[in-house]
Amino acid sequence: MQTPFENDFFDLFGIEKTYSLDRLQLRDRFRALQKKFHPDNFASASEHERRLSAQYAALINEAYSTLSDAMQRGRYMLTLQGISTDEELDTSMDPEFLIQQLELREDLDTATASTDSAMEMLASLATKVNNEFSKREESIAEILDNTAAQDSELEKARQLVRELQFLSRIRSEIEDAEEALF
Amino acid sequence: MALLQISEPGKSTNPHEHRLAVGIDLGTTNSLVATVRSGEVKVLLDQEGRSLLPSVVHFRKDGDPQIGYPALEAIVNDPMNTIASAKRMIGRKTADIKSLRDQLPYNFDDESANVPRIITADGPRSAIEVSAEILTALKKRAEASLGGELNGVVITVPAYFDDAQRQATKDAARLAGLNVMRLLNEPTAAAIAYGLDQGSEGIYAIYDLGGGTFDVSILRLNKGVFEVLATAGDSALGGDDMDRLIAEWILDDIDDDGLSKDSYFLRQTMLAAREAKEALTDNDSTNINLSLPDGTIREIMLDRNTMNGLIAPVIDKTLLPCKRSLRDAGLQKDDIDAIVMVGGSTRVLSVKDKVEEFFSKKLYTDVDPDQVVAVGAAIQADILVGNRSADDMLLLDVIPLSLGIEIMGGMVEKIIPRNATIPVTRAQEFTTYKDGQTAMSIHVVQGERELVSDCRSLARFELREIPPMAAGSARIKVSFKVDADGLLSVSASESTTGVETHIDVKPSYGLTDEEIEQMLRDSIAHAEEDIHARQLAEQQVEAERVILALESALAVDGDKFLNEAEKSDLISAMEELKRLSDGGDADAIKRAINDLNELSEMFAARRMDASIRSVMAGHNINEFSD
């Protein structure tokens, strides 16, 4: 992004740097910023202003989509602390979590193959995944919103964010399966 | 100009002048043009007082093409030279059109061309040119009715149109000599028109079933902000498909192989099918009268239940996108407050029934479904041209289909996911896979599938002069930029060694600049219009826009961000442009515009910078928490 903007996304929205952020406040600030910088406000402005406004608007959109998503927000906050969650550089995962993943996948296969109750099975599987997701969100918030968090705790948060990545992938596969049944 | 126009108090950013802007709904079956006058939206009528312009063009060997109602009559008499539903073909490759082929009576020229053309009595014509004819007719209607040249237009497109279809629509507008301020998604335009007025807040689904396209968009409305949360659809599904199913039923009933191959008779049957469908909105049954080639009249009775059975597959096909849009918005049916019904095909009763049953929510049908999109486009045009402050309303739209590039094994790596809010910029790094590799082929695709072959190919280009190094050590950054029209541009650069190669591409399934120039020359010769007069007028309009923008910026911030010398440089460049603009040299005006734009760059940058810094510094933070 070639904007002269150097502060982080939280500063951009003028909100506190917390994982458990106020979603409504974030949305309000997002809209207010777009009201100022969206290209529609510059349709009759000079070419350069139009280009700049498009860059700012894209940055604001990027910041909003990052902060409003639980997994991306976690990754972003860790990156701000110099911790990378790059999956390709890291293959170590909690074995217990991996086993649970395999089970979820088996459940998904069973549900899809079911002839009479596929929809119900998929729905209950989705609830299970959502619960696992929420549990991790809470734990991440506890760590990241504690300014005195130790390195080992941050490492735990990093693990949890990676687990969110796996869970959101299976969640979208469940939705794909639901769609295929429709 | 016949009458002086006075804008509504407080609505105009430039009170001494009302600028002419219209919204155009370029539809599959019908097109419309609307404008805002004295604060009210008016759909502009033709000389006979009709608002709709049938999207049909009849090309003739001698004489100008006929557009609209006269062309409609030619559909049956001269089907091969009368092009209807061009919107179904625009921005599509020959292969895509082939799948529509059995539905189209036309002959196409070069099968391998990027832009397929139909052979007509007046030479080969692409869907882009056909659309340009329709746009030209609407432009003439608007200029006659408003008494002056248009400063700018907003043209609506189906939300589900891909990049190539959008680009092609923009090309058509260029051919018609229109200044497109924005391509606006049809469901979003409808939402604006419904006012979903300042007072209304909540989450709405816009169900838009037109003649040949289907869109569904989920919008959240809050304090004048229209935020599209997700969109889905099918850009080749609509009332035409219902007509065809009914026509097939009629042909089965007649049971005559010879007739089923007679293009004249097929057109007649399609029209009869459409009439029957329309009649069954108000009646339980209707009689279809067809005159057979042997002169006899065949009368067939169709009742509503039978028709509902025939067209059910079309309606059912719209429900999956409804479900997907909810999913992408992260919502349940219960979260939706109401459904706005848009498009002529939503007049069909069983469409309303099925949509109401699917969402279990109230349907809004009170604005004319044919006009609602043009009305919304007119309101947006009025804001963009500067007649009304943009503070009143803001649209945040999304990209309908994911964008990505081809990676090893014919797989797609998505770079921008569908339903990302636009404008959006994303970059991703790739690397070489062979030692000493100095070039890389980049293939840009659009779609949701994992395999390149299942996605829409948008552009291919090569990045050359990569310095030779070991496999995997080059860092090639590919950036995707989608603007507020939903149009993509791609750039790539290699930066490992500090040597930067940079390339910008526009998707390739539109017309090249040269082709557009040539067509412009041809069409202008055709219309016996003077190409110089037209270029001059275009440059004068642009000069006026640039001058107005700069004058108002100088009035507000001139002393704040510019020293005396900078200011006087800018003003003298502006005076020079004003002087040239009164003369007759289009090229000189163009150069002066470029000079002025260059000179004002740092002024623009300083203003923007200050603007975002003031927000960041918290000076204005209160205004955000209203």
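All values derive from a computational prediction rather than experimental measurement. (Residues numbered from 1 in each chain as written. Chains lettered and ligands numbered in written order. Predicted model: local features only at pLDDT ≥ 70, side-chain atom pairs only at ≥ 80, totals over all residues. Heavy atoms only, no water.)

1. With respect to the packing of aromatic side chains
How two aromatic rings sit relative to each other is given by the distance of their centres and the angle of their planes.
All names here are of chain A.
Working step 1: Under the definition given, this model contains nine aromatic pairs over all chains.
Working step 2: Seen from their ring centres, Phe-9 and Tyr-76 are 4.5 Å apart, and the 10 degrees between their planes marks the pair as stacked. Within this pair, whereas Phe-9 is found in helix H1 (residues 9–13), its partner Tyr-76 is found in helix H4 (residues 70–80), the two being separated by 67 residues in sequence.
Working step 3: Phe-9 sits in the buried class, given a relative accessible area of 12%.
Working step 4: With relative accessibility at 16%, the residue Tyr-76 sits in the buried group. (Phe/Tyr/Trp six-rings, centres within 6.5 Å; stacked < 30°, edge-to-face > 60°. Helix = DSSP H or I, 4+ residues; strand = E, 2+ residues; numbered from the N terminus. Buried < 20%, exposed > 50% of the residue type's maximum accessible area, 1.4 Å probe, protein only.)

2. Digging into the pattern of salt bridges
Working step 1: According to the stated counting rule, one finds 52 salt bridges over all chains in the structure shown.
Working step 2: The salt bridge partner of B:Arg475 is B:Glu429, with a shortest N-O separation of 3.7 Å. Here B:Arg475 is found in the loop between strand E24 (456–463) and strand E25 (476–482), whereas its partner B:Glu429 is found in strand E22 (residues 424–430), with 46 residues between them in sequence.
Working step 3: Judged by its relative accessible area of 48%, B:Glu429 falls in the partly exposed class.
Working step 4: Taken together, the shared-partner salt bridges in this structure form one network comprising A:Glu175, A:Asp176, A:Glu179, B:Arg324 and B:Arg327. (Salt bridge = Lys/Arg side-chain N within 4 Å of Asp/Glu carboxyl O.)

3. Considering unusual backbone geometry
Residue and element names in this part refer to chain B.
Working step 1: With omega at 0 degrees, the peptide bond leading from Ile-422 into Pro-423 counts as cis.
Working step 2: Summarising the element assignment, Pro-423 is placed in the loop between strand E21 (411–416) and E22.
Working step 3: One non-glycine residue with positive phi stands out, namely Lys-223, at about 45 degrees.
Working step 4: Along the chain, the position of Lys-223 falls in the loop between strand E13 (214–222) and strand E14 (225–234).

4. Some points on the domain arrangement of chain B
Working step 1: Annotation of chain B at the domain level lists domain 1 (1–194 + 373–387), domain 2 (239–309), domain 3 (403–511) and domain 4 (530–616).
Working step 2: The C-alpha centroid of domain 4 of chain B is placed 60 Å from the C-alpha centroid of domain 2 of chain B. (Domains from an automatic or database assignment.)

5. Notes on the domain arrangement of chain A
Working step 1: Looking at the assigned domains, one finds that chain A contains domain 1 (9–68) and domain 2 (87–181).
Working step 2: Using only C-alpha atoms to locate each centre, domain 1 of chain A and domain 2 of chain A end up separated by 30 Å.

6. A closer look at the interface of chain B and chain A
Working step 1: Counting residues at the interface gives 50 residues for chain B and 48 residues for chain A.
Working step 2: Surface buried jointly by chain B and chain A totals about 4,300 Å² across both partners, of which 56% is contributed by carbon and sulfur atoms.
Working step 3: Joining chain B to chain A, the criterion identifies nine salt bridges.
Working step 4: Across the pair B:Arg426 and A:Glu62 runs a salt bridge, and its minimum N-O distance is 2.8 Å.
Working step 5: Linking chain B with chain A are 15 residue pairs in polar contact (both at pLDDT 80 or more), by the criterion used here. (Contact = heavy atoms within 4.5 Å. Buried area = accessible area lost by both parts, 1.4 Å probe. Polar contact = N/O pair within 3.5 Å; in protein donor to acceptor, adjacent residues only side chain to side chain.)

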